[in-house]
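Residues per chain are reported as follows:
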Amino acid sequence: MATEVVSVRVPLRGTGHNLRAVKIVLHREMLRFVNDRTRMVSMLLQPVLWLFVMGTGLGTLVQGSIPGVDFRTFMYPGMISMTVIMTAMFSAGSIVWDREFGFLREMLVAPVSRGAIVIGKCLGGALVATGQGVIILAMAGLVGVPYDPVLIVTLLAEMFLAAFTITAFGTTLAARIRNMQSFFGIMQMAIMPMMFLSGAMFPLSSLPSWLHVLTTINPLTYAVDPMRQAVFAHLDVTPQVNAMLNPGVNWFGWQLPVALELGLVAVGGVVLLGAAIAQFRRAD
Amino acid sequence: MTTDRDAPAVSVKGLRKSFGEFEAVKGVDFEVAPGEVFGFLGPNGAGKTTTISMLCTLATPTGGTARVAGYDIVTERDEVRRNIGLVFQDPTLDGYLTAEQNLRFHADLYGVPKHLVAGRIRQVMEMVGLWDRKDNKVETFSGGMKRRLEIARGLLHSPRVLFLDEPTVGLDPQTRSAIWGYINKLRHAEDITIFMTTHYMDEAEYCDRIAIIDHGRIVVIDSPEALKASVGKDRVQIHTGDDEAAITALKERFGIDAAVHEGAVTFAVPSGEEFVPRLFAELGMPIRSVSVSRPSLDDVFMNYTGTTIRDAEAGDGRANVMRIMARR
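Not measured: the values here are computed from a predicted model.

Caption draft 1: Structural context of a nonpolar patch on the surface. Residues and elements named next belong to chain A. There is a patch of nonpolar side chains on the surface, built from Trp251, Phe252, Trp254, Leu260 and Leu264 and spanning about 570 Å² of accessible area. Inspection of the secondary structure puts Leu260 in helix α11 (residues 258–282). Using a relative accessible area of 32% as the deciding quantity, one classes Leu260 as partly exposed.

Caption draft 2: Highlighting the packing of helix α9 (residues 243–254) of chain B against helix α10 (residues 272–282) of chain B. Residue and element names in this part refer to chain B. Packing of α9 against α10 leaves a shortest axis separation of 11 Å and a crossing angle of 105 degrees. For the element pair α9 / α10, the angle class is roughly perpendicular. Residues Leu250, Arg253 and Phe254 of α9 pack against Phe275, Arg278, Leu279 and Glu282 of α10. Classifying every residue of the contact of α9 with α10 by side-chain character gives four nonpolar, no polar and three charged.

Caption draft 3: Local environment of the sheet that holds strand β5 (residues 71–72) of chain B. Residues and elements named next belong to chain B. Spatially, four strands are ordered β2-β1-β4-β5 in an open sheet, and the strand pairing comes out antiparallel. Sheet topology places β2 (22–32) and β5 at the edges, where each strand pairs with a single neighbour. Relative to β5, strand β4 (residues 63–68) runs antiparallel, the two being bridged by two bridges. Considered in β5, the bridge of Arg67 is made with Asp72.

Caption draft 4: Fine view of the side chain of Asp214(B). Residues and elements named next belong to chain B. With respect to the helices and strands, Asp214 occurs in strand β9 (residues 209–214). Within the buried set, Asp214 has no salt-bridge partner at all; the shortest N-O distance to an opposite charge, 8.9 Å, is to Lys26. Sequence-distant contacts of Asp214, that is, excluding residues within four places in its chain, are made with Pro43, Ala46, Val219 and Thr305.

Caption draft 5: Main features of the pairing of β4(B). Residue and element names in this part refer to chain B. Note that strand β1 (residues 10–19) and β4 share five bridges and pair antiparallel. Each bridged residue has a counterpart across the sheet, and for Arg16 the counterpart in β4 is Gly63. Between β4 and β5, which pair antiparallel one after the other, the connecting turn spans two residues, and Ala69 there sits at a positive phi close to 55 degrees.

Caption draft 6: Molecular detail of the pattern of salt bridges. Counted according to the given criterion, the structure contains 21 salt bridges over all chains. Put simply, Asp98(A) and Arg28(A) hold a salt bridge, and the shortest N to O gap is 2.7 Å. In this pair, Asp98(A) sits in helix α3 (residues 71–100) while Arg28(A) sits in helix α1 (residues 15–35), placing the two residues 70 residues apart along the sequence. Taken as a pair, Asp98(A) and Arg28(A) share a single burial class, namely buried. Here the residues in one salt-bridge network are Arg28(A), Glu29(A), Arg32(A), Asp98(A), Lys121(A) and Asp94(B), joined through shared partners.

Parameters at a glance
Residues numbered from 1 in each chain as written. Chains lettered and ligands numbered in written order. Predicted model: local features only at pLDDT ≥ 70, side-chain atom pairs only at ≥ 80, totals over all residues. Heavy atoms only, no water. Patch = residues over 30% accessible without salt bridge, like charges linked within 9 Å, V, L, I, M, F, W, Y side chains within 5 Å. Areas by Shrake-Rupley, 256 points an atom, 1.4 Å probe, with all protein chains shown as cover. Salt bridge = Lys/Arg side-chain N within 4 Å of Asp/Glu carboxyl O. Helix = DSSP H or I, 4+ residues; strand = E, 2+ residues; numbered from the N terminus. Buried < 20%, exposed > 50% of the residue type's maximum accessible area, 1.4 Å probe, protein only. Axes fitted to C-alpha atoms, helices over the stretch in contact; angles between N-to-C directions. Parallel < 35°, antiparallel > 145°, perpendicular 65-115°, else oblique. Contact = heavy atoms within 4.5 Å. Nonpolar A, V, L, I, M, F, W, Y, C, P; charged D, E, K, R; others polar. Pairing = 2+ DSSP bridges. Lys, Arg positive; Asp, Glu negative; His and termini not counted.

What is shown is where atoms sit, not what they do.
Below you can see the structure in the form of structure tokens.
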């Protein structure tokens, strides 16, 4: 039998259709987050413990050397980053979960570009993580950080950017991983050292040089520092204390401007997003 | 739609698929007419799921071509995807979302026109009798309800061809017959072609036409009735004290080739009832029990492949490896 089919081609998938796909993938991410209270609480508990238990404990120890500043104020931007990063990684990890439970297949057989699905996933992860960060943001007053509208907006934007990049990173990791256990193993292995070396927990000034090198090659450093700079710009501290707690990031003695740091994070995010999309395209 | 209504819904030519050294599908050819319910029948590992995966654009063929709903499965992948509905062996629902949210997600991914979404969701959910459960989370659903919801979802974007890969596997008999009820209702309600795989012989009877596939090749394609008629013989199974001796005696005295299947000496004769008295009189050895059955699709399968579908599965250790490879 002849298979000659006279057909007028249905227009190729349009931008509108892909945008709709991005939106629904993002929407699902939100629904899942809102429905999962346990996850929300557990993601919040860790930074709160760090901030109020570790921060208070360490604070009594270092009080003498940083006159006029609560150590918890120093830790605060770091804890915002930590919350955002953990939540974002978790969102990315849900891809592995989706694969295990088959739902990823439903997304991958749809007549939309893989890019739309990955972008939706990353934007969703970023939004959810920013939402989680807002709760930490609300605690600013408890650690002596003013509720300044400019500061809040700056921090929100920086959180979103960091969260997007981290979700893209997590998605790239998750693309090839088949089960949740290995994902969490790898995530711990990747995130813990990055966290320690990012300046989220201790100041990066006057570190031994080997440690200094490690902190400057750690991508997270460039996500944490802009938040700290923003917070310290709204504090009233002496130059010595500022130099000690908020030294910025130095490349061979040159301090990077915040805009460049944010630019690096954004470029990283776009590159990782591209990598994630490529991974899912290849998975055919 | 833009394609010719009378063109085949599925048209396959020389389709092949290899996984490394192993050739799972060894060049199959067939056509499915629009509106037909077409069954792919064969033991696990025969190449059914691999073939369906290729037709659904989930696997790339190593050779041959195929068109689904008029579109090439390799070069016009997105058009194929837009025109097919899929129900897999394994569930692909999000248990944390409600039934309706799952369908809404699907509607957006497939670009169902926005003003039609709500009405269409209600229509397909009512068809499978789940409308009253639309606000329940899918994780609270039973296996049968999930399968029904997946069928509803597969229909949501009004596909031209609905692919059902083992739609009733793992369900209890009652749910299985309910699923078949929906499928029958569906062929009348929607202008759709159904392509399904199964390894349940009794389910194959519901199809308009059946392709029997074994070891990656299509053995025969025809309607269930024609296939049964082509066997033309009744199946006789006897239990004796000595199966070997019985087989030899059947060969010597009646010229019949018999073999042991499912624990009984089995053979086919043109009219079973008339043969049985002769059998008792002339076999020359005691017979403990005898059963005569009209040709079923099981016999058709046996007639064309030389083995029953159960024996074929028991002997094929490759089946599971294949399924894992074909899955993603």
